[in-house]
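Single-letter residue listing:
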Amino acid sequence: MKHKFYIVLIIIISANFMFAQKSFVEGKIKSDVTLLKNVEIKIDELGSQYFSDENGNYKIELNSSGNYTLVFSHIGFNSVTKNIFVNSNENYELNISLEPNIIGLGEAIVQSSRYDKILKESVIPIEFITKDKIDNSNFITLSDLASNNSGITLIKDAPWGTTINIRGLSKQNIIYLLDGYRIETSTNLSAGLSMLNLNDIENIELVKGGISSLYGSGATGGIINIKSKEPEFVNNFFLHPSFTSSYNSVNNNFCNNLSLSTGSKIWSLIFSGFYRNADDIKTPNGILENSSFKDESVNGKLRITPIENVELNFSYNKYSAYDVGLPGGEPFPETAKAKYIFAKREMLNGEIYFYNISKYLTKTQIKYYHQIIKRSVETRPNAIAVTNPFAEHTMDGFTIQSDWILSNSNILIAGIDYWQRKYEGERKTTNNKTNIITVDKPVPDSKFRNLGIFASDEIELISNKISLTFSGRYDLINITNDETKNPLYIISNGVINTNVRNDDASYSAYDENNKSFSGNFGILYKLNNEIDFTFNSAYTFRSPSLEERYQYIDLGGIKYFGNPNLEPEKGISLDAGFRVWNNNLNFKINTFLNSLSNLVIDEEIFVDSLFQKQNVGKARLYGFDMSFDYNIYSNNSFYGIASYVIGKDLTKDEYLPQIPPMNFIIGSKIEIINEINCDVSANIFTDQDKISNDENRTGGYTTFDFSIHTKQISFLKSLIKLSAGIENIFNKAYRNHLSTFRGINLLEPGRNIFAKINIEIK
């Protein structure tokens, strides 16, 4: 018995000794009043890393007493290092507050390479717009927001109808993606990026340069990858409503957005709705008539993890705009009245992800989407005529992709995608004087089908020094259209006449197949952890769109015709970059050359009366874009961008149309007090005298903006964020060259005073 007693005593003493050696360090991590999840915590002495949970909590077990160095880091925040001494059997509480890093360090996660990677590891030039920039802005459209980045310029046919130009290329040369899905919204007017609610967007990636090897036909100029907000998984059930309201004085624009996120450990849901109503724009010279609009949207996204390593995503989005004014100008006379009676986009998609299937196969994804875009337009080219075009664009597509980690230094992605776009439309023209109604199809019913196989391989040749990227894609493209005899019929005094035909506006049945290969090769060389060099080359391909092939617009002004015989565009894109990433300076400069054959442009066939789509034999676009952000001291910084591009038609030795002038943005961000920051900037555009024969020269101009923003302020159980400011402070009258290339005498908005509030309830 005594022997057993000693054994038990030894066990108890040993257990007490072991437990006496264990200690813990724990606490909360936040920024201002926001708790931060997924903060990385490294302990030098242990060589280990840990992460905070969804509530910002962390707890780390230490096996012995002594000195420890803890490093807390998170994307977008300054790292914090703490040295502590912990006694045995002691719990050490250490709460941490991380300050946002106003200088971007390239640590954001981007997806334009078709898999998640850190921005500074990307060899292709990308402009990244963060959630904070979106939240602090009060722009009408995504294009307005995007144009504040180097190499990106705004195109505007109306305050609502906008798109962008990337390094001299726009519209059909740029692919628009929403959560990885194409948005084919082709139209002769600039409205490609108008049917989106900025309040639903998490971030935006603007890829500058050809990237057909990953996204296929159309990406000769770049892509816009828009990522919508996603619901998050947490351990316990939650319900978080939020409300955003904003006002713009320049068009008496009120916008309200309500969002609700909820979920638990295995499911999460976000739902939002928004409504906006805007009057005609005020310019320095008076009201811009017929520029008002109303729009609304609903958006829902559901994520489910039914079993481990499997995730299902479903989303639905519906956007509608009504009574959207389009100020007078070509392709209709300046005296014309034109508007979208309605413009709608509805999209439904489903996704399934399989994670960690094997040691090498880390992810497989299968995606499908269905999208419908409808437009109904009313134009009054003169006092007696009314024209009503209507069009429906239907998109269907799927993607299957697998991500492979072949080794610690080799990542391979491969996949197949298919999409098809179906167009159906017609136009009714009523002559109120003669009581004649003409019905025609300005664009024949048609289809564009694209099947592509792609792969990309990234190899780290020398660890943390040299990386190589290879990507390639093969596409099979089919374009068809039905026979169309225009006009379809004429109604005169109630009598239908189908025995009419305009050969110039009619189309024969057509079936064309294109085959293409495109590829990219890139090098990333890191001089050290803060300085790197990039080089990217691409062979690009683009098959002309349905509108370019079949366009027929005659509204009483200049006529615009398509061309079914257009040849596919092919090009070589080169880009070389130099980048600096550190806590005090973010600097990027890229020079580029884009050499294209068969570039499609609107070419003047008859002076002041007819334009038709034509291939330019050879074209060259070259220039540079640059951006910097310098942290002067504390949270005060000086920033700027510069963009310059020259476009030449080498066949005719002429300048290309629709090329933006050299432009700059120079500004400063200043912290007034701990909770309030202000931003002062100047937007500078030089004279554009390098123009094509059918363009008008536009003068240079400078405008000034001022804005002020608060950080999130805790009030009761809510977080409140405020923004306000003045755009075009001195009410400068000016014209944007890209918004006036068709002769529209469109002055840009005058002085705008705006305010915005966001309330999140936790």
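Computed from a prediction, not measured in an experiment: that's the story for all the values here.

Attention shifts here to the overall build of the chain. In terms of helices and strands, the chain carries five helices and 50 strands. Taken against the 2.2 N^0.38 rule, which gives 27 Å for 762 residues, the C-alpha radius of gyration of the chain at 29 Å falls within 12% of a compact globule. Counting every position in the chain, which comprises 762 residues, the buried fraction comes to 53%. Pairs at least 24 apart in sequence give 64% of the contacts found in the chain among residues at least 6 apart. Put simply, the chain has 75 plus and 85 minus side-chain charges, and the middle of one group is 2 Å from the middle of the other.

This next bit is on the nonpolar core. Ranked by internal contacts, the top residues of the largest apolar core, which has 55 residues, are Leu142, Trp160, Ile164, Ile204 and Ile224. Setting aside residues up to four positions removed in sequence, Leu142 forms contacts with Leu193, Leu196, Leu198, Ile201, Ile204, Ile224 and Ile226. Listed in part, the 19 residues of the second largest apolar core include Tyr58, Ile60, Leu70 and Ile84.

Reading across the sheet, the four strands line up as 4-3-6-7 and stay open at both edges, with antiparallel pairing between neighbours. With one partner strand each, in any of the chains shown, strand 4 (48–51) and strand 7 (80–86) form the two edges of the open sheet. Taking the axes of each pair of neighbouring strands and ignoring which way they run, one obtains an average angle of 25 degrees across the sheet. Taken together, the four bridges between strand 3 (residues 40–43) and strand 6 (residues 66–73) define a ladder with antiparallel strand orientation. Along strand 6, the bridge assignment pairs Ile41 with Phe72.

Looking at the element boundaries, Gln688 is found in the loop between strand 46 (676–685) and strand 47 (701–710). The contact partners of Gln688, leaving out residues within four places of it in the chain, are Ile659, Pro660, Pro661, Arg697, Thr698 and His737.

For any pair of aromatic rings, the description rests on two quantities: the centre-to-centre distance and the angle between the ring planes. Tallied over the full model, the rule gives 18 aromatic pairs. In textbook terms, an aromatic cluster arises when at least three aromatic residues are bridged by ring pairs, as seen for Tyr525, Phe533, Phe578 and Phe587. Across the ring face of Tyr655, the terminal group of Lys648 is positioned such that the distance to the ring centre comes to 5.0 Å. Seen from the ring of Tyr639, Lys669 lies directly overhead, with NZ or CZ sitting 5.4 Å from the centre.

Bridge analysis of strand 6 against strand 7 gives seven bridges, and the strand direction is antiparallel. By the bridge assignment, Leu70 is partnered in strand 7 with Lys82. Connecting the antiparallel pair strand 6 and strand 7 is a turn made up of six residues, with Gly76 showing a positive phi of about 90 degrees.

Here we come to the pattern of salt bridges. Counted by the stated rule, this structure contains 36 salt bridges. Its salt-bridge partner being Arg167, residue Asp625 comes within 2.8 Å of it at the nearest N-O pair. Taken together, the residues span a long stretch of sequence, with Asp625 in strand 42 (residues 610–633) and Arg167 in the loop between strand 14 (162–166) and strand 15 (169–170) at a distance of 458 residues. When sorted by exposure, Asp625 lands in the same class as Arg167, which is buried. In this structure, Glu512 and Arg549 form a salt bridge, with 3.1 Å as the shortest nitrogen-oxygen distance. Pair noted here: Glu512 is in strand 36 (residues 510–526) and Arg549 is in helix 5 (residues 546–550), with a separation of 37 residues, a long-range link. Summarising the burial analysis for this pair, Glu512 and Arg549 share the class buried. The structure contains a network of salt bridges with shared partners spanning Glu127, Arg167, Lys208, Asp575, Lys588 and Asp625.

Our next topic: the sheet that holds strand 13 (residues 152–156). Either a parallel or an antiparallel arrangement is found when strands of a sheet pair, and the pairing is made through backbone hydrogen bonds. With antiparallel pairing, three strands are arranged side by side in an open sheet as 13-14-15. Edge positions in the sheet fall to strand 13 and strand 15, since each of these pairs with one other strand and no more. Looking at chain direction, strand 14 and strand 15 are connected through two bridges and run antiparallel. Within strand 15, the residue paired with Ile166 across the bridge is Leu169.

Attention shifts here to unusual backbone geometry. That bond from Asn486 to Pro487 is cis: its omega, -10 degrees, falls within 30 degrees of zero. Inspection of the secondary structure puts Pro487 in the loop between strand 33 (466–481) and strand 34 (489–492). Despite not being glycine, Asn252 shows a phi value in the positive range, around 50 degrees. One can find Asn252 in the loop between strand 20 (238–248) and strand 21 (253–263). For Asn252, a relative accessible area of 30% gives the class partly exposed. Even without being a glycine, Leu716 presents a positive backbone phi close to 55 degrees. Owing to a relative accessible area of 74%, Leu716 belongs among the exposed residues under this scheme.

The next subject is the pairing of strand 22 (residues 267–278). Only one face of strand 22 is covered, namely the one carrying Ser268, Ile270, Ser272, Phe274, Arg276 and Ala278; the face carrying Trp267, Leu269, Phe271, Gly273, Tyr275 and Asn277 has none of its residues buried. By the bridge criterion, 10 bridges tie strand 21 to strand 22 in an arrangement that is antiparallel. Looking across to strand 22, one finds that Phe254 is bridged to Asn277. Linking two consecutive strands that pair antiparallel, namely strand 21 and strand 22, is a turn of three residues. Here strand 22 pairs with strand 25 (residues 293–304) via 12 bridges, running antiparallel. The residue bridging Ser272 from the neighbouring strand is Asn299, located in strand 25.

In this section: the environment of Asn586. Along the chain, the position of Asn586 falls in strand 41 (residues 585–606). Judged by relative accessible area, Asn586 falls into the buried class, the value being 11%.

Turning next to a nonpolar patch on the surface. On the surface, Leu451, Tyr474, Leu476, Phe517, Phe535, Tyr539, Ile572, Leu574, Leu593 and Tyr622 cluster together to form a nonpolar patch covering roughly 830 Å² of accessible area. Breaking the nonpolar patch down by element, the ones donating at least two residues are strand 33, strand 37 (531–542) and strand 40 (569–581). Topologically, Tyr539 is positioned in strand 37.

With that settled, consider the side chain of Arg167. Judged by relative accessible area, Arg167 falls into the buried class, the value being 8%. At 2.8 Å, the side chain of Arg167 forms a polar contact with the side chain of Asp625. Excluding residues that lie within four positions of it along the chain, Arg167 makes contacts with Pro125, Gly151, Lys208, Gly209, Asp575, Asn590, Phe592, Leu621, Asp625 and Val645.

Positionally, Ser112 belongs in the loop between strand 10 (109–110) and strand 11 (117–118). Note on Ser112: relative accessible area 0%, which makes it buried. Each C-alpha atom of the pair Ser112 and Pro544 lies 23 Å from the other, and the pair is 432 residues apart in sequence. Once residues within four sequence positions are removed from consideration, Ser112 is found in contact with Ile124, Ile126, Glu205, Val207, Ile211, Leu214, Tyr215, Ile223 and Asn225. Of note is the side chain of Ser112, whose polar atom sits 2.3 Å from the side chain of Glu205.

For the rest of this paragraph, the subject is the confidence of the model for the chain. Across the chain, pLDDT averages 87, with 92% of residues at or above 70. When the criterion is pLDDT under 50, residues 8–20 qualifies, and its contacts beyond four places in sequence or with other chains add up to three contacts.

To continue, consider the environment of Asp295. Here Asp295 lies in strand 25. Residues Asp295 and Asp323, spaced 28 residues apart in sequence, show a C-alpha to C-alpha distance of 8.8 Å. Discounting residues that sit within four places of it in the chain, Asp295 has contacts with Trp160, Phe274, Tyr275, Arg276, Tyr319, Ser320 and Ala321. In terms of polar contacts, Asp295 uses its side chain to reach the side chain of Arg276, at 2.5 Å.

What counts, and where the lines are drawn
Residues numbered from 1 in each chain as written. Predicted model: local features only at pLDDT ≥ 70, side-chain atom pairs only at ≥ 80, totals over all residues. Heavy atoms only, no water. Helix = DSSP H or I, 4+ residues; strand = E, 2+ residues; numbered from the N terminus. Rg over C-alpha atoms; globule rule 2.2 N^0.38 Å. Buried < 20%, exposed > 50% of the residue type's maximum accessible area, 1.4 Å probe, protein only. Contact = heavy atoms within 4.5 Å. Lys, Arg positive; Asp, Glu negative; His and termini not counted. Charge placed at Lys NZ, Arg CZ, Asp CG, Glu CD. Core = buried A, V, L, I, M, F, W, Y, C linked by side-chain atoms within 4.5 Å. Pairing = 2+ DSSP bridges. Axes fitted to C-alpha atoms, helices over the stretch in contact; angles between N-to-C directions. Phe/Tyr/Trp six-rings, centres within 6.5 Å; stacked < 30°, edge-to-face > 60°. Lys NZ or Arg CZ within 6 Å of the ring centre and 35° of its normal. Salt bridge = Lys/Arg side-chain N within 4 Å of Asp/Glu carboxyl O. Patch = residues over 30% accessible without salt bridge, like charges linked within 9 Å, V, L, I, M, F, W, Y side chains within 5 Å. Areas by Shrake-Rupley, 256 points an atom, 1.4 Å probe, with all protein chains shown as cover. Polar contact = N/O pair within 3.5 Å; in protein donor to acceptor, adjacent residues only side chain to side chain. pLDDT = per-residue confidence, 0-100.

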